[in-house]
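Spelled out from the first residue to the last, the chains are:
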Amino acid sequence: MFPYSGNSFSPSSLFSAYASLTGFLMLFRSMIHDFVPEQLRTYLSSLLDRFFTPKSKNITVIIDENFGSNRNQVFDAAELYLRSKIGPETERIRVGKTPKQKHFTITIEKGEEIVDSFEGSEVRWNYVQSEKENDQQAKRYYELTFEKSLREKVTGSYLAHVVAESEEIKRSLRVVKLYSQDVYVTDDDDGCAGGNWGCISLEHPSTFDTLAMDPVAKKKIVDDLDRFLRRREFYKRVGKAWKRGYLLYGPPGTGKSSLIAAMANYLKFDVFDLELSSIYDNGELKRVLLSTTNRSILVIEDIDCSAEVRDREAEDDQESKTNKGRVTLSGILNFIDGLWSSFGDERIIVFTTNHKDRLDPALLRPGRMDMHINMSYCTGLGFRTLVSNYLGLDGLNHPLCEEIERLVDSTEVTPAELAEELMQDDDCDVVLRGVVSFVEKRKVERSKARESVSICKEVVIMTDDDDDEKYSYCTNGMRNRKKQAGRRKGRGRGTRNVNARSY
C-alpha cells in the first residue's frame, strides 16, 4: 500500500498514500454510519471526547435576572456591587442618569469581564445579554467563574459578602425623604409611605461634623445610634420593639432641627414630620402613624404646645366631653409604648420642646424617651466648629478666636445667633470683631437681666403686703413668670432645674 524506495518518499508516493488513507476513512465512516446505531455512535463520541479532552478546573455559576416570577436578589446585588469594581482595565461601560438622580450610574457592558478577589481567592464576573427573539425581552445574567476548590467559599461567604456590600452601597446612595401631611401627594412620589403622606427630598446639609455641639455629646449620640442599628437580634431576644426615643430640649436656636437632619443623613432614615394640631383624634393619630415606614424617624416638634396633651387621670364626665375630638397623652403613649409600638422595625421617635418641665413625667420615662439630649447654649468648642464651617478657620490660628471662646463660655448665646453674626461680612477680621462686640453686649444684657430678677426677689421678700402689692414692684415679665409657675404648681407639676450647659 505504501511503496518504499530507499530512505525517502517521493511526492508521487506521498500523494498515493494520502489518497489510499482518505479512501479507507471514507469507507470506514460509511460502514459505521450504516451498521452502528445512532445511540451507540453518540455514546462512543462522547466517550472519546471525555477521554481526550482535559478536565476543566473551573466551575461557572449562572445568576439570572429573575428567579422564578420574582426578581433575583443576587443579580441586583451583583449589579450594584460590580459598579464599585470597575477599573481602568474595563474597556466598555454604560453611563446613565435620571432627572431625580444626583450622580451618574455606571455599569459594565455585555461581554465585559471583571476580576474580583476575596480572602486571597480570585473570581471572574462576566455580564451576558442575549438578543431579543420573537418580541421577547432580552435575557440578562451574570456568569461567575472560579476554581472548583472554591465552591463552598463562593456559594457561602462570598455571595453573602456581595449582598451585604450591595446593601451598604444602596444605603449610601439612598435619597432621604422628608414626609409631611401638609405636602401634596403626587404620582411622581417614589416613596413607600401610605396614607396622606406627601414627600420631598431632604436636602438639609447638616451632619454631625457640622453641628455646633460639645464633641463628647455628639460622640454619645453617634455611639447610641450605632448601637441601636446593630441590636436587631438583641431587641428580639429581650422582647422589646426595635425602636428608640429621643427627647431634644433646650432654648430656641440651639440646633434641635439640625440634629434631627444630621441623624437622618447619618442613618439614611426617612423623616416623618407630624403636626399634632392637624390630627383630629386618637384614632386618626393611630392611622397616620401606622402608615409610616420602617427605617424612619418620626418627629413631633414642640410637643409641649402643639397639642392638648392632657393628664390621663382626669377621666370624669366633664373632661371626657372636653377631650372628645382631640389627641390625648394616652393616645400618644399607647402608640410609642403600648401594643401598637411593635408595628414596624428600626423606628426612631424624636420629640422636641423648649420647656422640658412642662411635659408629663409619663412621657419622659425610659422606654418612651430613652435618651434626653439637652441642646444647650453654645460653648467655646461649639463656636470653634462654627468658625470652621462659616469662615474656614481652624479656630486656633486667629488671636480673636480664643477671646471669643472665653466670652461664649461665660454667657448665654445660641449657635443660631453666632451663625448669623459670622455671615455679616466676607472679611474674617471684621466678622470676628463683630462677634466680640455682639457677645460682650449679650453678656451685659444677661447680667442686667439677672440683677433685675435678684432685685425683684429681694423686694418681694421684704414686702409684707398682699400678693398684688408684691407684684407691683416687679416688671410685667416677672409677674407673668410668677403666674405661670403658680399654675404649674397648682397642677402638681414641679419645675425642673436643668443645667443649660450640661448634656
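Residues numbered from 1 in each chain as written. Predicted model: local features only at pLDDT ≥ 70, side-chain atom pairs only at ≥ 80, totals over all residues. Heavy atoms only, no water.

The mixed open sheet is built from seven strands, whose spatial order is E10-E9-E12-E13-E14-E11-E15. Pairing within the sheet leaves two strands with one partner each, and these edge strands are strand E10 (198–201) and strand E15 (371–374). When strand polarity is set aside, the average angle formed by the axes of neighbouring strands in this sheet is 20°. Inspection of the sheet shows strand E11 (residues 243–249) paired to E15 by four bridges, in the parallel sense. Within E15, the residue paired with Leu248 across the bridge is Ile373. Most of the contacts of helix H5 (residues 215–229) go to E11, to which it runs at about 160°, and overall it touches E11, strand E14 (347–353) and E15. (Pairing = 2+ DSSP bridges. Helix = DSSP H or I, 4+ residues; strand = E, 2+ residues; numbered from the N terminus. Axes fitted to C-alpha atoms, helices over the stretch in contact; angles between N-to-C directions. Contact = heavy atoms within 4.5 Å.)

Let us look at the confidence of the model for the protein. Summing up the model confidence of the protein, the mean pLDDT is 79 and the portion of residues at 70 or higher is 79%. By mean pLDDT, the top-scoring element of the protein is helix H7 (residues 256–267) (94), and the lowest-scoring one is helix H16 (residues 467–472) (42). Every residue in residues 314–319 is under pLDDT 50, and counting partners more than four places away or in other chains gives three contacts. Confidence drops under pLDDT 50 across residues 463–503; counting only partners more than four residues distant or on other chains, this segment forms 50 contacts. (pLDDT = per-residue confidence, 0-100.)

Counting residues in hydrophobic clusters, the biggest one holds 29 residues, and the most contacted among them are Phe208, Leu259, Met263, Ile348 and Val350. Among the elements that take part in this core, H7 stands out by supplying six residues, more than any other. Look past the residues within four positions of Ile348 in its chain and what remains in contact with it is Leu225, Phe228, Arg244, Tyr246, Met263, Leu267, Phe269, Ser296, Ile297 and Leu298. If you look at the next biggest cluster of nonpolar residues, it comprises 28 residues, including Leu276, Ile300, Leu333 and Leu364. (Core = buried A, V, L, I, M, F, W, Y, C linked by side-chain atoms within 4.5 Å. Buried < 20%, exposed > 50% of the residue type's maximum accessible area, 1.4 Å probe, protein only.)

Right, let's get into the packing of H5 against H7. In a packed pair of helices, the relevant descriptors are the angle between the two axes and the axis-to-axis distance. Relative orientation of the contacting elements H5 and H7 amounts to 40°, with a least axis distance of 12 Å. As the angle between them shows, H5 and H7 are arranged oblique. For the pair H5 and H7, the sense of crossing is right-handed. Together, Ile221, Val222, Leu225, Asp226 and Leu229 of H5 and Leu259, Met263, Tyr266 and Leu267 of H7 make up the contact between the two elements. (Parallel < 35°, antiparallel > 145°, perpendicular 65-115°, else oblique. Left-handed = near helix turned anticlockwise from the far one by under 90°.)

Time to look at a negative patch on the surface. Together, Asp425, Asp426, Asp427 and Asp429 make up a region of like negative charge exposed at the surface. A relative accessible area of 34% places Asp429 in the partly exposed class. (Patch = residues over 30% accessible without salt bridge, like charges linked within 9 Å, V, L, I, M, F, W, Y side chains within 5 Å. Areas by Shrake-Rupley, 256 points an atom, 1.4 Å probe, with all protein chains shown as cover. Salt bridge = Lys/Arg side-chain N within 4 Å of Asp/Glu carboxyl O. Lys, Arg positive; Asp, Glu negative; His and termini not counted. Charge placed at Lys NZ, Arg CZ, Asp CG, Glu CD.)

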